[in-house]
Amino acid sequence: MQGAALLAAVIFASVLVGLAAGGNFYEECDATWEPQNCWAYDDGNRLSLALVSSSSGSMIRSKKQFVYGTVSTMIQLVPGDSAGTVTTYYTSSLGDNHDEIDFEFLGNVTGQPYTIHTNVYAAGVGNKEMQFKPWFDPTTDYHNYTISWAPCMIVWYIDGVPIRAFRNYAASHGVAFPTTQPMYAYSSIWAAEDWATQGGRVKADWSKAPFVASYHGIDLDVCECYGGGCVAGCAAGLGDATPRYCSLSATQVGKMQWVQSNYRIYDYCADPKRWINGQKPVECDLAQY
């Protein structure tokens, strides 16, 4: 099944899945790249993004710009042979020296697991990758992906399980951390045949196109911010919620350690080839939760 028939089948199947909806895509997002490959349906509670060729994917962006909070959505990734494709959910500011917090899902050949790629950028510098293989099949059902961003730390969650934390050591150890630039939330699908699957050895099979990722609900529990003067106010506005954003419970830490012990497949802290001048990044020896 190909082309429009495949898209119709995916949309029909998605509508049948009964899940609690988040925010409305009509109200919360704009299509900012290749809008013809983006469909909202079920009164805006669901969305499909399609990759139809090596140069034609799709992207949506939140209407809200914000500093701090949590952004969350449910995603059912491209099924079958998804080699060479990247599906994303991330936050980013604008401009060259941007801040960014990433969830990227790197496709694979049929029967092989996706790679869940995480990273964080501050002032345009990233190089803090951590990757996981999923402990579930992300293509047969929707799963929740959440980014929590606070002045003290960033946490990535899957289905409520923290998989990674990155604490703010900017003041104490000079580790760059995103605190000064308002961000948007993004979702996209695009081709990355040169690196996404097995280091670029496996390319996309374009006879299988379109590749379709499905989204259900978007929740933005954030401090809206549209100018430099609001950054400090958003940090102060966390108030009594600060402990929720700045610490993990013992149970959460245990779950994160379980994920990292069993399903982490790459950590920049354990890759000397990536270290600058052979020096291990200072944050790698500091507690992250």
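Note that the structure is a prediction, hence the values are computed from the model and not measured.

The rules behind these values
- Residues numbered from 1 in each chain as written.
- Predicted model: local features only at pLDDT ≥ 70, side-chain atom pairs only at ≥ 80, totals over all residues.
- Heavy atoms only, no water.
- Helix = DSSP H or I, 4+ residues; strand = E, 2+ residues; numbered from the N terminus.
- Rg over C-alpha atoms; globule rule 2.2 N^0.38 Å.
- Buried < 20%, exposed > 50% of the residue type's maximum accessible area, 1.4 Å probe, protein only.
- Contact = heavy atoms within 4.5 Å.
- Areas by Shrake-Rupley, 256 points an atom, 1.4 Å probe, with all protein chains shown as cover.
- Lys, Arg positive; Asp, Glu negative; His and termini not counted.
- Charge placed at Lys NZ, Arg CZ, Asp CG, Glu CD.
- Pairing = 2+ DSSP bridges.
- Axes fitted to C-alpha atoms, helices over the stretch in contact; angles between N-to-C directions.
- 1 Å grid on protein atoms, 1.4 Å probe; cavity = no way out; pocket = protein on both sides within 12 Å on 5 of 7 lines; lining within 4 Å.
- Points joined across faces, edges and corners; volume = space filled by probe spheres on them.
- Nonpolar A, V, L, I, M, F, W, Y, C, P; charged D, E, K, R; others polar.
- Phe/Tyr/Trp six-rings, centres within 6.5 Å; stacked < 30°, edge-to-face > 60°.
- Lys NZ or Arg CZ within 6 Å of the ring centre and 35° of its normal.
- Expected span 1.5 Å × (residues − 1).
- Core = buried A, V, L, I, M, F, W, Y, C linked by side-chain atoms within 4.5 Å.

J.: Can you explain the overall build of the chain? Please cite residues and give values.
T.: When helices and strands are tallied, the chain shows six helices and 15 strands. Taking 2.2 N^0.38 as the reference for a compact globule, 289 residues should give roughly 19 Å; the C-alpha atoms of the chain span a radius of gyration of 19 Å, in line with that estimate. If one aligns the C-alpha atoms of the chain with their principal axes, the spans along those axes are about 55 × 40 × 40 Å. In the chain, buried positions account for 55% of the 289 residues. Of the contacts formed within the chain by residues at least 6 apart in sequence, a portion of 70% connects residues at least 24 apart. If you sum the accessible surface of the chain, you get close to 12400 Å²; carbon and sulfur atoms cover 52% of it. Charged side chains in the chain number 17 positive and 27 negative. The centres of these two groups are separated by 7 Å.

J.: Tell me what's going on with the sheet that holds strand S9 (residues 130-132), and back it up with residues and numbers.
T.: With antiparallel pairing, the eight strands of this open sheet are ordered in space as S1-S4-S13-S6-S7-S8-S9-S15. Only two strands of the sheet have a single neighbouring strand rather than two, namely strand S1 (29-33) and strand S15 (264-267). Neighbour to neighbour, the strand axes of the sheet diverge by 15° on average, direction disregarded. Where strand S7 (residues 100-106) meets strand S8 (residues 115-121), seven bridges bridge the pair, whose relative direction is antiparallel. In the sheet register, Glu-100 faces S8, and the bridge partner there is Tyr-121.

J.: Requested: an account of empty space enclosed by the protein, with residues and values cited.
T.: The tally for this structure, following the rule as stated, stands at one cavity of 30 Å³ or more. The computed volume of the largest cavity comes to approximately 30 Å³. Around the largest cavity, the lining residues are Val-120, Tyr-121, Ala-122, Val-125, Lys-128, Phe-166 and Ala-176. Residues that form the lining of the largest cavity fall into these classes: six nonpolar, no polar and one charged.

J.: Provide a residue-level description of the packing of aromatic side chains, including the pertinent values.
T.: This structure, assessed with the given rule, holds 14 aromatic pairs. Both rings, one in Tyr-90 and one in Tyr-186, keep their centres 4.9 Å apart while their planes meet at 10°; by these two values the pair is stacked. Pair noted here: Tyr-90 is in strand S6 (residues 85-92) and Tyr-186 is in strand S13 (residues 184-191), with a separation of 96 residues, a long-range link. Taken individually, Tyr-90 and Tyr-186 each receive the classification buried, so the pair is uniform in this respect. Seen in terms of ring centroids, Trp-135 and Phe-136 are 5.2 Å apart; in terms of plane orientation they differ by 90°. Their pairing is edge-to-face. Phe-136 gets classed as buried once you look at its relative accessible area, which sits at 16%. In textbook terms, an aromatic cluster arises when at least three aromatic residues are bridged by ring pairs, as seen for Trp-135, Phe-136, Trp-258 and Tyr-263. Over the ring of Tyr-184 we find Arg-61, and its NZ or CZ is 3.9 Å from the ring centre.

J.: Describe helix H6 (residues 250-263), with residues and values.
T.: Over its 14 residues, H6 extends 20 Å from the first C-alpha to the last, a length consistent with the 20 Å expected when each residue adds 1.5 Å. Of the surrounding secondary structure, the elements contacted by the buried residues of H6 are S9, strand S12 (161-167) and S15.

J.: Can you tell me about the nonpolar core, naming the residues and giving the values?
T.: Ranked by internal contacts, the top residues of the largest apolar core, which has 56 residues, are Phe-103, Trp-149, Ile-154 and Trp-156. The residues contacting Ile-154, other than those within four sequence positions of it, are Ile-101, Val-120, Ile-147, Ser-148, Trp-149, Arg-164, Ala-165, Phe-166, Phe-177 and Pro-178. In terms of nonpolar packing, the next biggest core, distinct from the first, is built from 12 residues, Met-153, Val-155, Tyr-157 and Leu-248 among them.

J.: Hey, could you go over the sheet that holds strand S5 (residues 66-76) for me, with residue numbers and the actual values?
T.: What the seven strands build is an open sheet, ordered S2-S3-S14-S5-S10-S11-S12; its pairing is antiparallel. Lying at the two open borders of the sheet, with one neighbouring strand each, are strand S2 (38-41) and S12. Neighbour to neighbour, the strand axes of the sheet diverge by 20° on average, direction disregarded. Bridging between strand S10 (residues 143-149) and strand S11 (residues 153-158) involves five bridges; their strand directions are antiparallel. If you follow Thr-146 over to S11, its bridge partner there is Tyr-157. In the packing of helix H4 (residues 230-237) onto the sheet, contacts are made with S5 and strand S14 (211-224), and the angle to S5 comes to roughly 75°. Against the sheet, H6 engages S11 and S12, with an angle of about 95° to S12.

J.: Quick rundown of unusual backbone geometry? Include the residues and the values.
T.: Note that the residue after Ala-209, namely Pro-210, is joined by a cis bond; omega there is 5°. Position of Pro-210 relative to the elements: it lies in the loop between S13 and S14. At Asn-127, a position not held by glycine, the phi torsion is positive, near 60°. Residue placement: Asn-127 occurs in the loop between S8 and S9. Judged by its relative accessible area of 47%, Asn-127 falls in the partly exposed class. One non-glycine residue with positive phi stands out, namely Gln-198, at about 50°. Within the secondary structure, Gln-198 is located in the loop between S13 and S14.

Coordinates in, geometry out; function isn't part of it.
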